[in-house]
Protein chains: 4
Amino acid sequence: MANTIGKTFSITSFGSSHGKALGAVVDGCPANLELSEEDIQIELNKRRPGTSALTTSRQEGDKIEIVSGIFEGKTDGTPITGIVYNTNQISKDYSNIKNTPRPGHGDFCWMEKYGIYDYNGGGRGSGRITIGHVIGGAIAKKLLKTQGIEIISHVVQIGDVKADNIDYENLKDSIEKNNVKCGDEEAAKLMEELILSKKQEGNSVGGIVETIATGVPAGLGEPVFGKLDGDLAQILMSINAVKGVEIGLGFESAKSSASEINDEFYYDEEENIKTKTNNSGGILGGMSNGMPIVSRIAVKPTPSISKIQNTIDLEKGENATIEISGRHDPCICPRVTAVAESATAIILADHMIRGGFIHPTNLNKSI
Amino acid sequence: MANTIGKTFSITSFGSSHGKALGAVVDGCPANLELSEEDIQIELNKRRPGTSALTTSRQEGDKIEIVSGIFEGKTDGTPITGIVYNTNQISKDYSNIKNTPRPGHGDFCWMEKYGIYDYNGGGRGSGRITIGHVIGGAIAKKLLKTQGIEIISHVVQIGDVKADNIDYENLKDSIEKNNVKCGDEEAAKLMEELILSKKQEGNSVGGIVETIATGVPAGLGEPVFGKLDGDLAQILMSINAVKGVEIGLGFESAKSSASEINDEFYYDEEENIKTKTNNSGGILGGMSNGMPIVSRIAVKPTPSISKIQNTIDLEKGENATIEISGRHDPCICPRVTAVAESATAIILADHMIRGGFIHPTNLNKSI
Amino acid sequence: MANTIGKTFSITSFGSSHGKALGAVVDGCPANLELSEEDIQIELNKRRPGTSALTTSRQEGDKIEIVSGIFEGKTDGTPITGIVYNTNQISKDYSNIKNTPRPGHGDFCWMEKYGIYDYNGGGRGSGRITIGHVIGGAIAKKLLKTQGIEIISHVVQIGDVKADNIDYENLKDSIEKNNVKCGDEEAAKLMEELILSKKQEGNSVGGIVETIATGVPAGLGEPVFGKLDGDLAQILMSINAVKGVEIGLGFESAKSSASEINDEFYYDEEENIKTKTNNSGGILGGMSNGMPIVSRIAVKPTPSISKIQNTIDLEKGENATIEISGRHDPCICPRVTAVAESATAIILADHMIRGGFIHPTNLNKSI
Amino acid sequence: MANTIGKTFSITSFGSSHGKALGAVVDGCPANLELSEEDIQIELNKRRPGTSALTTSRQEGDKIEIVSGIFEGKTDGTPITGIVYNTNQISKDYSNIKNTPRPGHGDFCWMEKYGIYDYNGGGRGSGRITIGHVIGGAIAKKLLKTQGIEIISHVVQIGDVKADNIDYENLKDSIEKNNVKCGDEEAAKLMEELILSKKQEGNSVGGIVETIATGVPAGLGEPVFGKLDGDLAQILMSINAVKGVEIGLGFESAKSSASEINDEFYYDEEENIKTKTNNSGGILGGMSNGMPIVSRIAVKPTPSISKIQNTIDLEKGENATIEISGRHDPCICPRVTAVAESATAIILADHMIRGGFIHPTNLNKSI
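Description of the structure in this document.

The rules we used
Residues numbered from 1 in each chain as written. Chains lettered and ligands numbered in written order. Predicted model: local features only at pLDDT ≥ 70, side-chain atom pairs only at ≥ 80, totals over all residues. Heavy atoms only, no water. Helix = DSSP H or I, 4+ residues; strand = E, 2+ residues; numbered from the N terminus. Rg over C-alpha atoms; globule rule 2.2 N^0.38 Å. Buried < 20%, exposed > 50% of the residue type's maximum accessible area, 1.4 Å probe, protein only. Contact = heavy atoms within 4.5 Å. Areas by Shrake-Rupley, 256 points an atom, 1.4 Å probe, with all protein chains shown as cover. Lys, Arg positive; Asp, Glu negative; His and termini not counted. Charge placed at Lys NZ, Arg CZ, Asp CG, Glu CD. Salt bridge = Lys/Arg side-chain N within 4 Å of Asp/Glu carboxyl O. Buried area = accessible area lost by both parts, 1.4 Å probe. Polar contact = N/O pair within 3.5 Å; in protein donor to acceptor, adjacent residues only side chain to side chain. Nonpolar A, V, L, I, M, F, W, Y, C, P; charged D, E, K, R; others polar. Axes fitted to C-alpha atoms, helices over the stretch in contact; angles between N-to-C directions. Parallel < 35°, antiparallel > 145°, perpendicular 65-115°, else oblique. Left-handed = near helix turned anticlockwise from the far one by under 90°. Least-squares fit on C-alpha atoms with pLDDT ≥ 70 in both. Pairing = 2+ DSSP bridges. Expected span 1.5 Å × (residues − 1).

## Some remarks on the overall build of chain A
At step 1: Along the backbone of chain A there are eight helices and 18 strands.
At step 2: Scaling as 2.2 N^0.38, a compact globule of 367 residues should have a C-alpha radius of gyration of about 21 Å, and chain A matches this with 21 Å.
At step 3: Along the first, second and third principal axes, the C-alpha set of chain A runs to 70 × 50 × 40 Å.
At step 4: Within chain A, buried positions represent 68% of all 367 residues.
At step 5: If you take every contact in chain A between residues at least 6 apart in sequence, the share linking residues at least 24 apart comes to 70%.
At step 6: Of the roughly 11,500 Å² that chain A leaves accessible, carbon and sulfur atoms contribute 45%.
At step 7: Both charge centroids of chain A, one from 37 positive and one from 48 negative side chains, sit 6 Å from each other.

What follows is the structure, encoded as structure tokens:
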């Protein structure tokens, strides 16, 4: 079950970059959630390439088709299957990958592990497989919205450009004002410039994506091996190119003293329990504490670059070089935001049901 | 199954800080592995407190007792149960936690989630529960050793003191020369000073622990949701106080260009496939590539400090303060190294079996 | 994950009787198994109705389409998705089920559990969903065949007609000589007559299907909760209309003494270990012993009959009657044979991989 | 995780017949359930041997010790670990099993699978390991009782003696009136005689145990692969010596017509939905329908008998004979009743939580 995640609300992902189709089976969604193909299409469009100069020029329609699990416009408790048929795949671009694995890519590992590898478009190693995440995430987000939970991902760093002046109050709107999905207008401009300059030189650049979930009640997550931060880290690591995950202050907390970063509790005016700061990122002891859940992921630069690189020839058993043609993203971060939101939503939906906050079989029943 | 991790080689952890006992059931270990209580005791001793001025002065014997799964000195394929009976627990220290949750601790979340909470010593929220990790990890390490896999964790940062000059060649020996488990002798001294100064002021400090696994073959890990880095991130996040996980360059890669960090493949003189650099930390596409697996975790400062802190009184429903007495670690990082090694070993053992590198039922059978 | 079965070789089933499509995602099949749509189509044709007067007259094309997991004619280690689009579904037949649940059917339970129910054709409660079993089973059978394992299911009882004179030597051929899939030619005739007479009276009849798996090595199955017979029982119970499962002598053994039924071991002429009898059905202590695995399932009469029956009206909250029109099977047993073979194959494939008999990732690698 | 069962309420069983201890870790029990060692001891005493002439004369104290998961007399949401230390084990009785596997036992399979086998007392193949079931079952029963669910198992057949006149109205009392746990007083006498005569001749006899769960709400069980009957069948098959499981009419339904056995729905005087008959055993489409859940298991005669039997010598590689000494049960059925109750309770508890009938983390919270 290497392609299934989630215990109660779970998704099983399938498909490859240039195969017939990609998709996901979403199991364990409570019945009576209104759901349409449009709900999923909106989210898929966010991760689709070809929408700005910052992404690959590949045009991928990525049209969702739901083939099971919906009855009269609502989920009915049976597995929901969403499929995206591949239509714009050009396989000739990838023939040289077959025996000369691309540096920074999983090609070599796929060959080692399985002895056979659909190298076209990177097969199932392609970032395109996150379509499965987004199908599951779109449904999870719709479910979470019924409970007042909202999730937003945004770019906080590209290369050495950091967003220091993020408009957190109007984050949703402000990230739509630029193609980088950054909430700091000034930084966004510099990020765009950096990405375009990398594109020009046939190179790519990494970045950091932050995800914030608001409205999450206290008590999600199960110690010890089902901790909320553990499950988030696992699914965020399943996103291609992610090399690090941190919660709240994250690596910054390594430098700190407890007296500086312990979040002190207090009752606010409406008798709600809150913490003055949120250095823990909303998670203590592996469980949510009612504050926003904040995570950040390190996204490495897309390894496909047009520069000639050294590698090996597996067939000849000797050193070789590779020059990767094709249409690649100079920076994947803006598109990763949609996937990070989805990944976060899947885990939160699973824990909301498992934690007794959402009825497991029928959304119309109170819990 | 919130207390079970691993799919084939799995551990089920149980127990709390001041309950009768702590321990783990280790299931799925192949038969015919020589195993004694001594093998586990050695690892438990590494995480045991009270061994230097840098740790809490609590003396915990932590004596392991194996009550199942061993026959004539060898594993026999049945679940191995290791138990550590609690002997030195003083519960009076913790009575004030009951209604006034400690900032930075999970106390509040436990109460919210379960409506009842063994607050003594932090109950199952205590770092003491990592005894379960170490029982599982000791067995995993013994199993991995038969395949030439070695795992070592060391401290690379405490507060703002970074180890820049680590003796990677003699890491195993060099980290034993100081109480911080740091491979940079100069840095170790500064780290010790920093920890002791924090101890003096009733404060604590965080740090970073790096784990390196060598001898791991290419092909471990299962895309998409069983990726090796995803599984490592999940288990590392299950260690108390961990707020971030990174693989290879990790967050550093966010700043980089692909041309700088792509690891180029080559055949070495013995026809082995290697990469010139190891920025990927031995994992590409979620699978091991044959290079050392390198992870780093951000460990926050132990939240228990003697300073008065603001918090709430859950019984009275009003703001309050708390002063935490008791014997606490001014820096948990040196002790975390043993747990990080164990956590890493559990995941690698599971994937070695699942990947077809170790026979799933009988170590004497070839695969 | 209520729609997923198997731990390593697993299938996730989806779809409903009158929805857009039915199918399954098969995960964990080792790479390098030759597999075509034809391999699955052959098995689907065995369970397809409309092939004789004994089954429903519904014509269901049930054409398989594989949309992922195959590369150049072979499995590549990624999830295999098989889809059957529904084409011949007539929903008007079922409108009266909506509020008046059919006796013997799950309609009422679906409504109670989910509060919404796709009653058309019985929704996901329909026997039609065993298409998912067969997709998984076809792949499992192909995989098992590479190891010399063959599986055959046949009808041994319909109503009170028992097959006492089964041609076990030529079972595969003999069951093809009649429409009941019975290896006793005389009994088959009586069974056919019984089924047709039930059909005439708008009634239906039950029966028993036996499944035999040969070539299974000793050592499959994991005590205590992963026993081979336990896993077989679970999956066989997932087949619609099955109300009982027995292994070997099964319920007959309740009447016996150990001295009568203990299977004595011996070395045959080729030094193979065998038992003189096979009353255990090839399973001892939850593990295969090298003898044929023999199971039998009790299949109840198809509950859809044209007779007027008493039931309730959920909308009006009062007692009511129902008359079920539509095209139903007077006896489902002949078609169940294909599903029982598939179900058995799925479990055996999973255990063959988990037991170290088949390499988990690459069929070309020796174990 | 071969020794773990249940998805949310799960038990991990460990230990062997003559090892240091046996027990179980019970995970996922909601907090705030009052629980004492006495609650478990009562159930363990029911399965304990040596209580009548019908069972083995072995005296096993089977004293439970709870070492985790209880705080101030209540469950606290952390894993509950129950241990029974072995005290009365005599290993010299079993030395001849080492190389000459007992017919009807799993000895041979254990050796084949693991290459090492704790043959003393049958190791983990012994019926003694059902202590783990009972520890989990006792907790599950206590939890279910808070919801009005009661479970009772009784013997309905021993050899060819069937209980035809069972006092179902006073079942709980009537089965305590005899040592066979049979609700038909006349049959019980004949059963006792049969068992004693088998004991006299150094033989054993099988039987059938029926389990009835009342108070179960409609809607438990998850189609397709988490069906309630599938999960019950799996766990019941995990009980040593069980060779068949049936629900409701079971194998009898194979002989019937739908018109005879379809359970017709009706509203009773209190507007409750019921069925006139309960041939389905309370389960339709894999889900409970609100009627009593009725299962029956076929228990084979204990294979350990004092008669000389043919077997093989694995060391010499030749045919051999074996004479089994020791103290064995001439009929295990009376003791199996306690285990069948426990097994049923575990599955129902798991499904009650997963189905949204019991709050997953805190029994004091309404659902």
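## Remarks on the pattern of salt bridges
At step 1: Per the counting criterion, the structure on display carries 80 salt bridges over all chains.
At step 2: When the shortest N-O distance is used, the salt bridge between Arg335 of chain C and Asp329 of chain C registers 2.8 Å.
At step 3: Several salt bridges share partner residues, and in doing so they unite Glu43, Lys46, Lys141 and Glu341 of chain A into one network.

## Digging into the interface of chain C and chain A
At step 1: If you look at the interface, chain C gives 48 residues, while chain A gives 48 residues.
At step 2: Of the roughly 3,600 Å² buried at the junction of chain C and chain A (both faces included), carbon and sulfur atoms supply 58%.
At step 3: Counting across the interface, chain C meets chain A through two salt bridges.
At step 4: A salt bridge links Glu37 of chain A to Lys20 of chain C; the nearest nitrogen and oxygen atoms lie 3.7 Å apart.
At step 5: For the pair chain C and chain A, the interface holds 15 residue pairs in polar contact (both at pLDDT 80 or more).
At step 6: Those elements that provide at least two residues to the side of chain C that touches chain A are β2 (10–15), β3 (21–27), β4 (64–68), β6 (74–75), β7 (80–85) and α2 (107–114) of chain C.
At step 7: No other element matches the five residues that β2 of chain C contributes to the side of chain C that touches chain A.
At step 8: Of the residues that constitute the side of chain C that touches chain A, the class distribution is 17 nonpolar, 18 polar and 13 charged.

## Focus on the packing of helix α6 (residues 228–237) of chain A against helix α6 (residues 228–237) of chain B
At step 1: Running from N to C, α6 of chain A and α6 of chain B cross one another at 165 degrees; their axes reach a closest spacing of 7 Å. Overall, the two elements α6 of chain A and α6 of chain B adopt an arrangement that is roughly antiparallel. Our pair here, α6 of chain A against α6 of chain B, has a crossing hand that is right-handed. Contacts from Asp229, Gly230, Asp231, Ala233, Gln234 and Met237 of chain A in α6 of chain A reach Asp229, Gly230, Asp231, Ala233, Gln234 and Met237 of chain B in α6 of chain B.

## With respect to the environment of Phe71 of chain B
At step 1: Its location among the elements puts Phe71 of chain B in strand β5 (residues 70–71).
At step 2: Phe71 of chain B gets classed as buried once you look at its relative accessible area, which sits at 9%.
At step 3: A sequence separation of 39 residues divides Phe71 of chain B from Asn32 of chain B, and the C-alpha atoms of the two residues are 9.0 Å apart.
At step 4: Ignoring anything within four residues of it in the chain, the contact list for Phe71 of chain B reads Asp76 of chain B together with Ile116, Tyr117, Asp118, Tyr119 and Asn120 of chain D.

## Looking at the relation of the copies chain B and chain A
At step 1: Structural alignment of chain B on chain A gives an RMSD of 0.0 Å, achieved by rotating through 180 degrees and translating 0.0 Å along the axis. Taken together, the rotation and translation describe the operation of a two-fold axis.
At step 2: Looking at the interface residues of chain B, 100% of them are also at the interface in chain A, so both copies use one shared face.

## Thoughts on the interface of chain B and chain A
At step 1: At the interface, 106 residues of chain B touch 106 residues of chain A.
At step 2: Here chain B meets chain A over a buried area of about 7,800 Å², counting both sides, of which 61% is carbon and sulfur.
At step 3: Linking chain B to chain A there are 48 residue pairs in polar contact (both at pLDDT 80 or more).
At step 4: Broken down by element, the side of chain B that touches chain A gets its largest block of residues, seven residues, from α6 of chain B.
At step 5: Strand direction decides the pairing type here: strand β11 (residues 242–247) of chain A and strand β11 (residues 242–247) of chain B, joined by three bridges, are antiparallel. Following the sheet pairing, Gly244 of chain A is matched in β11 of chain B by Glu246 of chain B.

## Observations concerning the sheet that holds strand β7 (residues 80–85) of chain D
Residues and elements named next belong to chain D.
At step 1: An order of β1-β2-β3-β7-β4 is seen for the five strands of this open sheet, with the pairing classed as antiparallel. Each edge of the sheet is formed by a strand with only one pairing partner; in this case those strands are β1 (4–5) and β4 (64–68).
At step 2: Sheet analysis places strand β3 (residues 21–27) next to β7, joined by six bridges and oriented antiparallel. Within the sheet, the bridge partner assigned to Gly23 lies in β7 and is Ile83.
At step 3: Against the sheet, helix α3 (residues 130–145) makes contact with β2 (10–15), β3, β4 and β7, and its axis sits at roughly 35 degrees relative to β3, the strand it touches most.

## Side note on helix α8 (residues 333–354) of chain C
Residues and elements named next belong to chain C.
At step 1: Here α8 spans 31 Å end to end across 22 residues, near enough to the 32 Å set by a 1.5 Å rise per residue.
At step 2: Across the 22 residues that make up α8, a large majority, 22, are buried.
At step 3: Count one or two residues on from α8 and you reach Gly356, which has phi positive near 85 degrees.

## Here we look at the relation of the copies chain C and chain A
At step 1: Turning chain C through 180 degrees and shifting it by 0.0 Å along the axis lays it on chain A, with an RMSD of 0.0 Å.
At step 2: Of the interface residues in chain C, 100% have counterparts in chain A that sit at the interface too, so the contact is made through matching surfaces.

## Some points on the environment of Glu222 of chain A
At step 1: Following the sequence through the fold, Glu222 of chain A ends up in the loop between β10 (207–214) and α6.
At step 2: Residue class for Glu222 of chain A comes out buried when judged on its relative accessible area of 14%.
At step 3: For the pair Glu222 of chain A and Ile235 of chain A, spaced 13 residues apart in sequence, the C-alpha to C-alpha distance is 16 Å.
At step 4: Here Glu222 of chain A is in contact with Lys227, Gly286, His351 and Arg354 of chain A together with Ala2 and Lys113 of chain B, once residues within four sequence places are set aside.

## Things to note about unusual backbone geometry
At step 1: Each neighbour pair has its own omega, and for Pro223 of chain A with Val224 of chain A the value is 5 degrees, a cis peptide bond.
At step 2: With respect to the helices and strands, Val224 of chain A occurs in the loop between β10 and α6.
At step 3: In the Ramachandran plot, Glu72 of chain B falls in the positive-phi region, its phi being about 50 degrees despite a non-glycine side chain.
At step 4: Mapping Glu72 of chain B onto the fold places it in the loop between β5 and β6 (74–75).
At step 5: With relative accessibility at 58%, the residue Glu72 of chain B sits in the exposed group.
At step 6: One non-glycine residue, Glu271 of chain D, lies in the positive phi region at around 65 degrees.
At step 7: Structurally, the position occupied by Glu271 of chain D is in the loop between β12 (265–267) and β13 (273–275).

The values reported here are purely geometric and, on their own, carry no functional implication.
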